[in-house]
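Okay, here's what each chain looks like letter by letter:
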Amino acid sequence: MTTWLITGCSTGIGRTLAEAVAAAGHNLVVTARDVSSVADIAETAPDRVVAAPLDVTRPEQVTAAAQLADERFGGVDVLVNNAGYGYRAAVEEGDDADVRTLFDTHIFGTVATIKAVLPGMRARRRGAIVNISSIGAQITPPGSGYYAAAKAAVEGLSGSLHTELAPLGISVTVVEPGGFRTDFAGRSLKQSAAAIDDYADTAGKRRKEHDRVHGTQPGDPVKAAAAIIKAVESPEPPAFLLLGSDALSAYRRVAQARAEEIDKWADLTTSTDFDS
């Protein structure tokens, strides 16, 4: 039995993962900004599952959730940073306050929860950290520049963290889901108030009023939850995990295009070295 702390469990993959972890018999601190939205999960096994209010942009709530795990279960074995939401806007359209809140949630909130659980994990010389990113960090679609940038920051952080923690017996996995049939592209998706006409054929096509993808995504959240648990429980958890056939094909397409671009400009790239 391990103890999990999962952020952002009110809907989507976070909720299905929390339900799967609880059903598997693990201890769980299930969290959401509105704790009433996850009370039903806690009620399924009150001896092993406890609900806590957690807005990852509020340091006192991050500290309280980690302390609750310590007091009830002796510490966190698996941290899943899932809290987040989508934001769409052309880069020029993005509202400064909205963008700061986006980064506060996705990157600084992730940092806060990691720092809250790491002292205990280091002391026990074991643990797992799972940071949920997005295939958007790779494909950088128009209209998702800020969201892609926030997730790219999570991935950069995760890469360094993986190297720092591996000698201490702590794994770090960054997960890149593709499109999953959750509320992410529906109620949870935010966008800029302003819409500039010049971006109508690029970023504009992906504004909520024009998006027809919601409800047709190929990914099954229940299967995503099972995959995350399997990865965490494997003898050597992956440092990087794609979820969904669409994510796999998109990643391969981006990787191939990037390799071709590198080769095309290789002479210019190497021209900057000192002459020997």
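Computed from a predicted structure; not experimentally measured. (Residues numbered from 1 in each chain as written. Predicted model: local features only at pLDDT ≥ 70, side-chain atom pairs only at ≥ 80, totals over all residues. Heavy atoms only, no water.)

Quick word on the packing of helix α4 (residues 96-124) against helix α6 (residues 145-165)
Keep this limit in mind: Interaxial angle, 0 to 180 degrees, is taken between N-to-C directions of lines fitted to C-alpha atoms, where a helix line uses only the stretch in contact. Runs of E in the DSSP output that reach at least two residues are strands. Runs of H or I that reach at least four are helices, and both are numbered from the N terminus. Orientation labels follow simple angle bins: below 35 degrees gives roughly parallel, above 145 gives roughly antiparallel, 65 to 115 gives roughly perpendicular, and whatever is left gives oblique. Handedness of each helix crossing follows the sense of rotation of the near helix against the far helix: counterclockwise by less than a right angle gives left-handed, clockwise gives right-handed. In this description, contact between two residues means that some pair of their heavy atoms is separated by no more than 4.5 Å. Just so you know the grouping, Ala, Val, Leu, Ile, Met, Phe, Trp, Tyr, Cys and Pro go in nonpolar, Asp, Glu, Lys and Arg go in charged, and all remaining residues, Gly too, go in polar.
Orientation of α4 relative to α6, taken along the N-to-C sense of each, is 20°, at an axis distance of 8 Å. Regarding the angle of α4 to α6, the classification is roughly parallel. At the point where α4 passes α6, the crossing takes the right-handed sense. Of the residues in α6, those in contact with V99, L102, F103, H106, I107, T110, V111, I114 and L118 of α4 are Y146, Y147, A149, A150, K151, A153, V154, L157, L161 and L165. When the residues that make up the contact of α4 with α6 are grouped by side-chain class, the tally is 16 nonpolar, two polar and one charged.

Overview of the packing of helix α1 (residues 12-23) against helix α7 (residues 221-233)
Between two packed helices, the angle of one axis relative to the other and the distance separating the axes together describe the packing. Contact pair α1 / α7: the axes reach a minimum separation of 8 Å and the direction vectors enclose 60°. What the angle tells us is that α1 and α7 run oblique. The two elements α1 and α7 cross, and the hand of that crossing is right-handed. Across from I13, T16, L17, A20 and V21 in α1, the residues of α7 making contact are P221, V222, A224, A225, I228 and I229.

Looking at unusual backbone geometry
For R125, which is not glycine, the phi dihedral falls at a positive 55°. We note that T140 has phi near 40°; this positive angle belongs to a residue other than glycine.

As for the pattern of salt bridges
Side chains carrying opposite charge are able to pair once their charged atoms draw close together. Using the following cut-off: For this analysis, a salt bridge means a side-chain nitrogen from Lys or Arg found within 4 Å of a carboxyl oxygen belonging to Asp or Glu. When accessible area is computed with a 1.4 Å probe and restricted to protein chains, residues below 20% of their type maximum are described as buried, those above 50% as exposed, and intermediate ones as partly exposed.
The final tally for this structure, using the stated rule, is five salt bridges. Salt-bridge contacts for E60 lead to R58; the nearest nitrogen and oxygen are separated by 2.9 Å. Given a relative accessible area of 45%, E60 falls into the partly exposed group. Exposure remark for R58: the relative accessible area of 40% places this residue in the partly exposed category. In this structure, E93 engages R207 in a salt bridge whose closest nitrogen and oxygen atoms are separated by 4.0 Å. Of this pair, E93 sits in the loop between β5 (87-88) and α4 while R207 sits in the loop between β8 (190-191) and α7, and the two are 114 residues apart along the sequence.

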